[in-house]
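# Architecture at a glance
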2 protein chains.
Amino acid sequence: MPQKPFLHTLLSPRLLDLYDVNDSIVVIIDVFRATSTIVTALYNGAEKVIPVAGVEDCIAIGKKLSAVTAGERDGKIIEGLQHGNSPLEYSREFIENKVLVLTTTNGTRLLHMALEKGAESIISGSFPNLSAVCDHLVAEKRNVILGCAGWKDRFNLEDTLFAGAVINRVKEHFTIHCDSSLMAETMFSKHKSNLLKFAPQLTHYHRLVERFGLIEDIKYCLTDDVANVLPVYKEGKLIVQK
Amino acid sequence: MPQKPFLHTLLSPRLLDLYDVNDSIVVIIDVFRATSTIVTALYNGAEKVIPVAGVEDCIAIGKKLSAVTAGERDGKIIEGLQHGNSPLEYSREFIENKVLVLTTTNGTRLLHMALEKGAESIISGSFPNLSAVCDHLVAEKRNVILGCAGWKDRFNLEDTLFAGAVINRVKEHFTIHCDSSLMAETMFSKHKSNLLKFAPQLTHYHRLVERFGLIEDIKYCLTDDVANVLPVYKEGKLIVQK
């Protein structure tokens, strides 16, 4: 029987070069909130999402394509951009048939780091598209890196919990010798029956809820399959895999 | 009431510069096996342990001081050195009143990285000296970084479990807003009643036990307080805090 493909969990962008990104599907995970926002915009009919690393690019590309520009740093809309990084801003009424150009603190940054390291297969995941991600990984039968974007290179638990949720569903299909993955699945299994109840213990929760009042964002970002499509990166943009 | 000092958990040496090492006690943690070996040699009467980053230094300093030289890379004794990185090699009969010069894959490397970043207060911890570490941290009332050495910059669970064991004991005395610490304590609490039963799931267990047959090392390194002294780093060496 051929060996099953490998699955690893990356706990910080800073560790990216320890993994073989060229030969793997890289899942970008930024639960609060970039990858929740990306999948929501696409689910609600956005033509594409263009992830950009910097604010200047965001403004320039937005102008050129008459696109919606969005981005935050430290939880606030960046000056010069139009919208923020809340998935709840991207209703079908607003975003259908539009292009979204997005820059964020962590998620879009990790995506660009993976590209620079030669990743050729990049998708985006969060609880709103958990099933789409898992179905794709099982179908592809390739090595996988679950890439937690973290917070400014620090470990965070919400991205780890999503990695754990994926592992919990797909582990029979992969070879997993990786303490990060073992930990991620353990943390998810412990809290899966009530992620929302656990959320107030997360560092990021305090920033989003206590400083910005974004409890509805938190609830949405932790809900399975409410925007269950698969964003795949192709030639500078994220589009829905048909 | 003054704020309690901060405690953070570092999950990989690669993340060291995200933390304020200058203003903290840095606990070097390399459970399998550097910090278990260091504390055992000191507990059994070694005059001092000199941690060195490279093999050449190890040989040269060993010669100069007529010291025991020890070191491993990838679990094997390095050519030119006399001893390995097993705590069970350092009985009182062998090591009492001697100097041990030690270089290892992860633990001594993290110690030198912390020194380079300006750390001024460094101690070494593992399960064999859990109580000594906790007592010191509570008494000092300073910020703490629990520094997991990991494996070649990757996250590992045995170091995280020790960080969790420390947090579990000292948390009332610290301000802890850190997902790494929350995770570490959760993992420890889940497995504390039987760390040895959990050990076979660890990546590092496979290397040590299946490749090198070191099950007794694993058992020893996971046992609380069997060498309960506090190694502190001072001017190039680790000595017992009196």
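Coordinates for the structure precede this section.
Residues numbered from 1 in each chain as written. Chains lettered and ligands numbered in written order. Predicted model: local features only at pLDDT ≥ 70, side-chain atom pairs only at ≥ 80, totals over all residues. Heavy atoms only, no water.

Time to look at the side chain of Ser180 of chain A. Position of Ser180 of chain A relative to the elements: it lies in helix α7 (residues 179–191). In this view, Ser180 of chain A contacts Thr9, Leu11 and Tyr19 of chain A together with Phe155 of chain B; residues no more than four positions away in its chain are not counted. (Helix = DSSP H or I, 4+ residues; strand = E, 2+ residues; numbered from the N terminus. Contact = heavy atoms within 4.5 Å.)

Let's shift gears to the relation of the copies chain A and chain B. Superposing chain A onto chain B requires a rotation of 180 degrees together with a translation of 0.0 Å along the rotation axis, leaving an RMSD of 0.0 Å. Put plainly, the chains are arranged around a two-fold axis. When C-alpha positions in chain A are compared against the rotation axis, the closest is assigned to Arg14 of chain A, at 3.4 Å. When you check the interface residues of chain A against chain B, 100% turn up at the interface there too, and the contact is symmetric in its surfaces. (Least-squares fit on C-alpha atoms with pLDDT ≥ 70 in both.)

Further remarks concern the pairing of strand β3 (residues 48–51) of chain A. All names here are of chain A. Burial along β3 is two-sided: Lys48 and Ile50 and Val49 and Pro51, pointing in opposite directions, are all buried. Pairing analysis gives four bridges linking β3 to strand β6 (residues 99–103), with the strands arranged parallel. In the strand pairing of β6, Lys48 is matched with Val99. (Buried < 20%, exposed > 50% of the residue type's maximum accessible area, 1.4 Å probe, protein only. Pairing = 2+ DSSP bridges.)

Turning to the pairing of strand β2 (residues 24–29) of chain B, a few remarks are in order. Residue and element names in this part refer to chain B. In terms of residue burial, β2 counts as a mostly covered element, since six of its six residues are buried. By the alternation rule, side chains of β2 split into Ser24, Val26 and Ile28 and Ile25, Val27 and Ile29, which are all buried. Inspection of the sheet shows β2 paired to strand β8 (residues 143–148) by six bridges, in the parallel sense. Counted as the bridge partner of Ile29 is Cys148 from β8.

Here we come to the packing of aromatic side chains. For the structure shown, the criterion picks out four aromatic pairs over all chains. When the centroid spacing of 5.3 Å and the interplanar angle of 85 degrees are considered together, the rings of Phe127 of chain B and Phe162 of chain B count as edge-to-face. Separated by 35 residues along the polypeptide, Phe127 of chain B in the loop between β7 (121–125) and α5 (130–140) and Phe162 of chain B in helix α6 (residues 157–170) bring together distant segments of the chain. Take Phe127 of chain B and Phe162 of chain B: they sit in the same class, and that class is buried. Sitting over the ring of Tyr19 of chain B, Arg154 of chain A keeps its end group 4.5 Å from the ring centre. (Phe/Tyr/Trp six-rings, centres within 6.5 Å; stacked < 30°, edge-to-face > 60°. Lys NZ or Arg CZ within 6 Å of the ring centre and 35° of its normal.)

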